[in-house]
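Take a look at the letters that make up each chain.
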Protein chains: 2
Amino acid sequence: MAEKEEPIRFGILGCAEIARKLSRAIFLAPHAVLVAIGSRSLDKARRFIADNALALVRAVGSYDAVLDDPTIDAVYVPLPTGLHLTWAVAAAERRKHVLLEKPAALCVSDLDRILEACASNGVQFMDGSMWVHHPRTAKMREMISDSKRFGRVKTIHSSSSFLATPLFLENNIRVKPDLDSLGALGDLGWYCIGSILWAVDYQLPNTVTALPSLHLNQAGIILSCASSFHWEDGKVATFHCSFLSHVSMDLSVQGASGSLRVHDLAIPFREDSALFEFNCRAEFAELHIGWTRKPEEVVVASGLPQEALMVEEFAKQVQLMRSSRCPPTAKWPDISRKTQLVLDAVKRSIETEFKPVFL
Amino acid sequence: MAEKEEPIRFGILGCAEIARKLSRAIFLAPHAVLVAIGSRSLDKARRFIADNALALVRAVGSYDAVLDDPTIDAVYVPLPTGLHLTWAVAAAERRKHVLLEKPAALCVSDLDRILEACASNGVQFMDGSMWVHHPRTAKMREMISDSKRFGRVKTIHSSSSFLATPLFLENNIRVKPDLDSLGALGDLGWYCIGSILWAVDYQLPNTVTALPSLHLNQAGIILSCASSFHWEDGKVATFHCSFLSHVSMDLSVQGASGSLRVHDLAIPFREDSALFEFNCRAEFAELHIGWTRKPEEVVVASGLPQEALMVEEFAKQVQLMRSSRCPPTAKWPDISRKTQLVLDAVKRSIETEFKPVFL
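Each chain carries its own residue numbering, running from 1 in the written order of its sequence. Numbering of ligands from 1 and lettering of chains from A proceed in the order in which they are written. Given that this is a predicted model, residues contribute local features only at a pLDDT of at least 70 and side-chain atom pairs are listed and counted only at 80 or more, while totals for whole chains, interfaces and linings are drawn from all residues.

Caption draft 1: Layout of the environment of B:Asp178. Residue and element names in this part refer to chain B. Residue placement: Asp 178 occurs in the loop between helix 9 (166-171) and helix 10 (183-199). Burial is judged by counting other C-beta atoms within 10 Å of a residue's own C-beta: 20 or more means buried, 12 or fewer means exposed, and anything between counts as partly exposed, with every C-beta placed from the backbone. Its 10 C-beta neighbours within 10 Å are what place Asp 178 among the exposed residues. In the structure, Asp 178 is positioned 97 residues away from Thr 81 in sequence and 9.3 Å away in space, judged by C-alpha atoms. Helix and strand definitions here come from DSSP, where helices need a minimum of 4 consecutive H or I residues and strands a minimum of 2 consecutive E residues; each element is numbered from the N-terminal end.

Caption draft 2: Representation of the relation of the copies chain A and chain B in the model. Residues below a pLDDT of 70 in either copy are left out; the C-alpha atoms of the rest, at least 70 in both, set the least-squares superposition of the copies. Superposing chain A onto chain B requires a rotation of 180 degrees together with a translation of 0.0 Å along the rotation axis, leaving an RMSD of 0.0 Å. Both copies of the chain, as the preceding transformation shows, are related through a two-fold rotation axis. No C-alpha of chain A lies nearer the rotation axis than that of A:Thr238, which sits 3.8 Å from it. Remark: residues whose backbone-derived C-beta atoms lie within 7 Å of one another are considered to be in contact. A shared binding surface is used by both copies, with 98% of the interface residues of chain A retained as interface residues in chain B.

Caption draft 3: Expanded view of the packing of helix 2 (residues 17-28) of chain A against helix 11 (residues 306-324) of chain A. Residue and element names in this part refer to chain A. The N-to-C vectors of helix 2 and helix 11 enclose an angle of 60 degrees; their axes lie 8 Å apart at closest approach. The pairing of helix 2 with helix 11 is recorded here as oblique in orientation. Where helix 2 crosses over helix 11, the handedness of that crossing is right-handed. For the pair helix 2 and helix 11, the contacting residues are Lys 21, Leu 22, Ala 25, Ile 26 and Leu 28 in the first and Glu 307, Ala 308, Met 310 and Val 311 in the second. Residues that form the contact of helix 2 with helix 11 fall into these classes: seven nonpolar, no polar and two charged. Every axis corresponds to a line fitted to the C-alpha atoms, with the helix fit spanning only the stretch in contact, and the corresponding angles, defined between N-to-C directions, vary from 0 to 180 degrees. Note on angle classes: values under 35 degrees are labelled roughly parallel, values over 145 roughly antiparallel, values of 65 to 115 roughly perpendicular, and the remainder oblique. Should the near helix be turned anticlockwise from the far one by less than a right angle, the crossing is termed left-handed; should it be turned clockwise, right-handed. In this classification, Asp, Glu, Lys and Arg are treated as charged, Ala, Val, Leu, Ile, Met, Phe, Trp, Tyr, Cys and Pro as nonpolar, and every other residue, Gly included, as polar.

Caption draft 4: Summary view of the packing of helix 5 (residues 84-93) of chain B against helix 6 (residues 108-120) of chain B. Residues and elements named next belong to chain B. The N-to-C vectors of helix 5 and helix 6 enclose an angle of 10 degrees; their axes lie 8 Å apart at closest approach. As far as their axial angle goes, helix 6 and helix 5 are roughly parallel. Residue-level contacts link His 84, Leu 85, Ala 88, Val 89, Ala 92 and Glu 93 of helix 5 to Asp 110, Arg 113, Ile 114, Ala 117 and Cys 118 of helix 6. Looking at the contact of helix 5 with helix 6 residue by residue, the class counts come to seven nonpolar, one polar and three charged.

Caption draft 5: Molecular detail of the sheet that holds strand 4 (residues 74-77) of chain B. All names here are of chain B. Strand pairing is defined by DSSP finding a minimum of two bridges between the two strands. Strand order across the open sheet formed by six strands is 3-2-1-4-5-6, with parallel pairing between neighbours. Strands with a single pairing partner mark the edges of an open sheet, and in this sheet they are strand 3 (58-60) and strand 6 (125-127). Sheet twist, expressed as the average angle between the axes of neighbouring strands with direction ignored, equals 25 degrees. Relative to strand 6, strand 5 (residues 97-100) is paired through three bridges, and the arrangement is parallel. If you follow Leu 99 over to strand 6, its bridge partner there is Met 126. Of the strands in this sheet, strand 1 (8-13), strand 2 (32-38) and strand 4 touch helix 2 (residues 17-28), which is tilted by about 150 degrees from strand 2. Strands in contact with helix 3 (residues 42-51) are strand 2 and strand 3; relative to strand 3, the strand with the most contacts, it is inclined by about 155 degrees.

Caption draft 6: Region of interest: the domain arrangement of chain A. All names here are of chain A. What fixes the domain bounds is an automatic or database domain assignment. Taken as a whole, chain A is organised into domain 1 (2-130) and domain 2 (131-306 + 340-358). If you average the C-alpha positions of domain 1 and of domain 2, the two centres end up 27 Å apart. Residue-level contacts link 15 residues of domain 1 with 19 residues of domain 2. Its residues placed into classes, the side of domain 1 that touches domain 2 shows eleven nonpolar, three polar and one charged.

Caption draft 7: Quick peek at the pairing of strand 15 (residues 296-301) of chain B. Residues and elements named next belong to chain B. The buried fraction of strand 15 amounts to zero of the six residues, a small share that puts the element mostly on the outside. Where strand 14 (residues 273-280) and strand 15 come together, six bridges link them in antiparallel fashion. Directly across from Ala 274, in strand 15, lies its bridge partner Val 300.

Caption draft 8: Focus on the interface of chain A and chain B. Counting residues at the interface gives 53 residues for chain A and 52 residues for chain B. At the level of secondary structure, the elements contributing two or more residues to the side of chain A that touches chain B comprise helix 2, strand 7 (153-163), strand 10 (222-230), strand 11 (236-242), strand 12 (244-255) and strand 13 (258-262) of chain A. The dominant element in the side of chain A that touches chain B, judged by the number of residues it contributes, is strand 12 of chain A, at nine residues. Residues belonging to the side of chain A that touches chain B are distributed by class as follows: 19 nonpolar, 25 polar and nine charged.

Caption draft 9: Representation of the sheet that holds strand 1 (residues 8-13) of chain A in the model. All names here are of chain A. Overall, parallel pairing links the six strands, which are arranged 3-2-1-4-5-6 in an open sheet. Of all strands in the sheet, those with a lone pairing partner are strand 3 (58-60) and strand 6 (125-127), marking the two edges. Shown here is a sheet whose adjacent strand axes are inclined to one another by a mean of 25 degrees, direction ignored. Here three bridges tie strand 1 to strand 4 (residues 74-77), and the two strands are oriented parallel to one another. Paired with Ile 12 across the two strands is Tyr 76, which belongs to strand 4.

Caption draft 10: Unusual backbone geometry, seen in detail. A:Pro103 follows A:Lys102 through a cis peptide bond whose omega is -5 degrees. Even without being glycine, B:Arg95 reaches a positive phi, approximately 60 degrees. In this fold, B:Arg95 is placed in the loop between helix 5 and strand 5. On the basis of neighbour count, B:Arg95 is assigned to the partly exposed category, with 14 C-beta atoms found within 10 Å. Residues other than glycine seldom take positive phi values, yet B:Tyr202 does so here, at roughly 65 degrees. Assignment of secondary structure puts B:Tyr202 in the loop between helix 10 and strand 8 (207-210).

Caption draft 11: Focus on the confidence of the model for chain A. Confidence per residue, as judged by the predictor, is encoded in pLDDT with a range of 0 to 100. Confidence in the prediction for chain A averages 96 pLDDT; 99% of positions are at 70 or higher. Overall fold confidence (pTM) sits at 0.96, and the ipTM for the predicted complex is 0.95.

Okay, here's the thing in structure tokens:
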């Protein structure tokens, strides 16, 4: 039992901005502990540790040195997407469990190589989609799964955007072809696709058709795009993601007899609680001068920030594998792979002048 | 001045369910008075008057008799869309101002004949889109026109739906090819298209592409459909309308630096006030663990129901024409025509297997 209680020891590869958020999350997660920050520059790792007051965390001057450290159980990898394949595979081969920042990979074939490396080395894989771990998400699932109240899902719309600064559009890795060639589709579209798939319980669409509304930078990186998904039963979903629009993180799911809306899906407005709007069996009132029911706000408290809940879920899974000698769960790799598959299809549709891509 | 103060005398052609709402609206509008209900059945007109306690309103046994009544200034026409051309033209030719229920016509060429008849006879035309006249709509316009706060419109999403009963899907005129052959696209898509055009200040899109997600009944009438619109500057809009989904009336407009959302556009939840959500210049908070600004709810009181405000706007326009001998305003016909033009394009895209239609 002692072994089971031992917290999972994390290393982080790289000092990306989001690594600050995750080092806090690892600190907050009861079953995880951060032991090392690896950077190609030892100075940078040291500065990161000092700036973020990470007591007892070691600065390491290379990613390899983190992976070679036998006291480290798991790595969080917030490197640019173009480096995911190399370092996630390297981590898996050195038997480190892999928590990989989203988008998981540049394409599904890269992701498959990562997932195969994780599977063959018996390590857990999870991508860094935090919102999935928020208790609000579980509550929303409960509401839309209630077929009597919600009915079958009919249509979904999702958006994810923020207004990038001129500096971001000039210099950020997310608009650089050699680092994050998926641009806004990878950074923000990943959320849209993930939330749409979530809403249909991960049933893949039959066709993916990007909409002929696309903004590329001079290097050909997507700054904004939109797409539609179609299922054989008539369900339709649309999304829009953009670095050029006011911040949004909407998910709207319409069922036959219910509807759900959330406006801060990927990053809730505040940390301690989050809400969504739910309505069901509403009709127009007599004379059509109102509605019989207004949407209600369902508020869900969160004991820990969603990113800490993600780390905790990951850590507990690793503990379970350790204590019960069970294999990694396929749940998280499967979700990542489906998201990547649809993301690839959006990209292919864009590249083929918005032709439908059949899955 | 006495002439100016005289209320506008309305007749209604037909006893449609929505005529009940409009007779109440005419009663509530200070500058309008309802004088006659025309029906092909005198008994039906009498029953309508009795059922709705319309004191001093005359029952008339034919539409023609209403149009021939020299004491009637204007008609409200809630007949099935397939009858709009005949009766709106007949009304205009008999110098009655025409308040025509939406969708205005089956196609833009029909609408053009109606508008030409109105113009050449010097009568005012307006379609029955009530939400445009709600003070909330004016307040929303003010907010999104503020280019410093909202920035340029980037993307719009709209939905309009309700879950029709089996009886509706069997018998309602809105699913009958000889009466309302536009189905859900006409009844609900009219709102989606109108609200999207409203959001871009009636700038027509360059292309309209219906999404390959379509539900037809056995007679080929649209029960649900979706479409996307594209503008040369990269703006994109999507909508979904359906008789097969929980009630929704969403409009979401994202600008470069602001966003606006309303969930009860066409029929507000309640009559006396309505709200929308507005946010601007929000960013992610430090560490991306929240937002710097949450959307605020902007509540707008309404002294009269929106349909009474519509009647009042129409009546005051007719009074102005009478007192100042000015021609009809082109504002309302122009909005109707643009809405119809885009609706036609959606229909054509559906009919051509979802090919883009260029406007």
